[in-house]
Amino acid sequence: STRRSIPAGEIIFAEDDAPTTAFLIESGRVVISTVQHGETRNLGELGPGSLLGEMAVIDSAPRSATARALTDCVLTPIDRNQFAERLASADPVVRALLMSQLTRYRSALATLTGDAAGSGAMEGRDESGAFDKIRLESELRSALDRDELEVRLQPIMQIATERIAGYEALIRWQHPERGQVSPTEFIRLAEETSLIVPVGDYVLGRVCDMLVELRRRGRSPLPFIALNVSARQLDDPALIDRMLAQLAKRSLPADRLEIEITESLVFNHSQIAALLARCHSAGMLVALDDFGTGYSNLGPVLTLDFDRIKLDQGFTRALGTPRGLALVRAIVAMTAALDCEMIAEGVEDPAQLQALRELGCDYAQGWLVGKPVSLQEVLETG
Ligand code: C2E
Ligand code: CA
Ligand code: CA
Ligand code: CA
């Protein structure tokens, strides 16, 4: 094997050496020491199961101490690349935490050994920006309590009747200092933590309240509201139950709530199939979001029974070119053959709407129809 036997008394590595490997102590004892004002000072001993010399390997700084075998030792060397690969793929926050601890350890060590050069050399600065993420995360946590999140509604127009049939709920974060923070910035972050659960529940609660308000104001037929639900949220088996409970509590029909999911690698077929079955048996609608981008392909569309397919903005933009037009025509035909409705996203100009009308697309959503606005504005403009 790659194990190394070190006789008692031998130096394993010396202070100021350039590090190439760390070691796992399999047997024996190792003493760590530094030289201070010409005198050797013992910092401690390590025994079997301990990692040795990993610090310098992690941050590539010279060895801060000398390691010597106190008894006969057996060591397993660990190449620095083994750490480097794992560190590179680790969560940036975890990496930043590790670096911060390492920096603190080194400056404590420098103070202990009176090595002034070492102490000033490294401060606990975060160069990766990982702490920005942590800061944003704790701010998002309090944003929920402080009511800084807002749900806006963007109208979805039925092209044939030119009526607003429903709305897509889009979250907004009104940050006291940063101003409006885009959901593209904080939804991913919320997904990486458990924060997506309270954020999602907040949106769900607001959407149901909005449906109640629209009903109270006599909007008939009652429009549907589409809710964005990420893969991470659907990992929660109780999510659909919570949705149904929120609807039932307000005596709202389940078919006024639509969930939009974006197909991603996180999903597998049977997961989506089970979700669709549950939603359909409860009466809720499910739309496939961002169709034509990312990981989406024809597989799920052909085998899964989505109610609606949302054509990504990119295709709407391409309507002006002959190829784009031909492609959208084919997608409209496919959607119709599958008994799905199609919603075109990002409709910004009348020529696009006209093209979609001629192609037989069911719904249009975009700035031409309306920007995302507050419920108040929806109620005022009818
Ligand atoms: P999405 O679901 O694809 O939402 C459509 C995005 O396109 C929205 O951006 C919307 O404001 C924007 N948009 C609408 N019409 C037009 C147009 O005519 N032109 C252009 N250029 N853009 C248009 P927004 O609101 O910034 O949301 C970004 C993404 O954040 C959404 O993409 C969705 O994936 C996610 N998101 C928003 N709200 C929520 C939420 O409550 N929960 C979850 N899980 N995700 C959300
Ligand atoms: Ca969406
Ligand atoms: Ca979309
Ligand atoms: Ca169907």
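Residues numbered from 1 in each chain as written. Chains lettered and ligands numbered in written order. Predicted model: local features only at pLDDT ≥ 70, side-chain atom pairs only at ≥ 80, totals over all residues. Heavy atoms only, no water.

So, about the nonpolar core. If you look at the biggest cluster of nonpolar residues, it comprises 73 residues, and the most contacted ones within it are Leu-149, Met-243, Phe-306 and Val-328. Among the elements that take part in this core, helix H7 (residues 196–216) stands out by supplying 10 residues, more than any other. If you look at the next biggest cluster of nonpolar residues, it comprises 13 residues, including Ile-6, Ile-25, Ile-32 and Ala-65. (Core = buried A, V, L, I, M, F, W, Y, C linked by side-chain atoms within 4.5 Å. Buried < 20%, exposed > 50% of the residue type's maximum accessible area, 1.4 Å probe, protein only. Helix = DSSP H or I, 4+ residues; strand = E, 2+ residues; numbered from the N terminus.)

Here the focus is the pairing of strand S3 (residues 21–27). In terms of strand pairing, S3 meets strand S8 (residues 73–79) through 6 bridges, oriented antiparallel. Following the sheet pairing, Ser-27 is matched in S8 by Val-74. Pairing analysis gives 2 bridges linking S3 to strand S6 (residues 51–52), with the strands arranged antiparallel. Among the inter-strand pairings, Phe-23 is bridged to a residue of S6, identified as Leu-52. (Pairing = 2+ DSSP bridges.)

Another point: the packing of aromatic side chains. All told, the structure shown has 3 aromatic pairs when counted by the stated rule. Judged by centre distance (6.4 Å) and plane angle (15°), the rings of Phe-13 and Phe-23 are stacked. Linking Phe-13 in strand S2 (residues 11–13) with Phe-23 in strand S3, this pair joins segments that are 10 residues apart in sequence. On the accessibility criterion, Phe-23 (3% relative accessible area) is buried. A ring pair is formed by Trp-173 and Phe-186, whose centres lie 5.4 Å apart and whose planes are at 85°; its orientation type is edge-to-face. Note that Trp-173 is positioned in strand S10 (residues 163–175) and Phe-186 in helix H6 (residues 183–192), a separation of 13 residues in sequence. For the pair shown, Trp-173 and Phe-186 are each scored as buried. Its end group placed over the ring of Phe-13, Arg-63 keeps NZ or CZ at 3.9 Å from the ring centre. Over the face of the ring belonging to Trp-367 we find Lys-371, whose NZ or CZ atom lies 4.5 Å from the ring centre. (Phe/Tyr/Trp six-rings, centres within 6.5 Å; stacked < 30°, edge-to-face > 60°. Lys NZ or Arg CZ within 6 Å of the ring centre and 35° of its normal.)

Let us look at the side chain of Glu-148. In this fold, Glu-148 is placed in the loop between helix H5 (130–145) and strand S9 (149–158). For Glu-148, the side chain forms a polar contact with the side chain of Arg-146, separated by 2.9 Å. (Polar contact = N/O pair within 3.5 Å; in protein donor to acceptor, adjacent residues only side chain to side chain.)

Here the focus is unusual backbone geometry. As a rule of thumb, non-glycine residues mostly have phi less than zero, and peptide bonds are mostly trans rather than cis. Residue Pro-221 follows Ser-220 across a cis peptide bond; omega there is -5°. Position of Pro-221 relative to the elements: it lies in the loop between H7 and strand S12 (224–228). At His-37, a position not held by glycine, the phi torsion is positive, near 50°. Tracing the backbone shows His-37 in the loop between strand S4 (30–36) and strand S5 (39–46). Judged by relative accessible area, which is 72%, His-37 ranks as exposed. A positive phi angle, near 55°, is found at Asp-290, a position not held by glycine. The partly exposed category is assigned to Asp-290, whose relative accessible area is 22%.

As a structural note, the neighbourhood of ligand 1 is formed by 22 residues, with Gln-154, Arg-172, Gln-313, Glu-348 and Trp-367 the closest of them. At a separation of 3.1 Å, a nitrogen atom of ligand 1 approaches a polar backbone atom of Ile-171. Within the side chain of Glu-348, an N or O atom sits 2.5 Å from a nitrogen atom of ligand 1. Alone, ligand 1 offers 800 Å² of accessible surface; in the complex the protein occludes 82% of this. Put simply, the parts of the chain that give the shell around ligand 1 at least two residues each are S10, H6 and strand S14 (285–291). Of all the elements, S10 adds the most residues to the shell around ligand 1, at 4 residues. Here the residues of the shell around ligand 1 sort into 8 nonpolar, 8 polar and 6 charged. (Near = heavy atom within 4 Å. Areas by Shrake-Rupley, 256 points an atom, 1.4 Å probe, with all protein chains shown as cover. Nonpolar A, V, L, I, M, F, W, Y, C, P; charged D, E, K, R; others polar.)

Before going further, it helps to examine the sheet that holds strand S1 (residues 4–6). Pairing within the open sheet is antiparallel, and its 4 strands lie in the order S1-S8-S3-S6. Of all strands in the sheet, those with a lone pairing partner are S1 and S6, marking the two edges. Along the sheet face, helix H2 (residues 80–89) touches S3, S6 and S8 and points at about 45° away from the line of S8. (Contact = heavy atoms within 4.5 Å. Axes fitted to C-alpha atoms, helices over the stretch in contact; angles between N-to-C directions.)

The subject of this paragraph is the confidence of the model for the chain. When pLDDT is averaged along the chain, the result is 89; 92% of the residues meet or exceed 70. Throughout residues 118–124 the model reports pLDDT below 50, and contacts reaching past four residues in sequence, or to other chains, amount to 9 contacts. (pLDDT = per-residue confidence, 0-100.)

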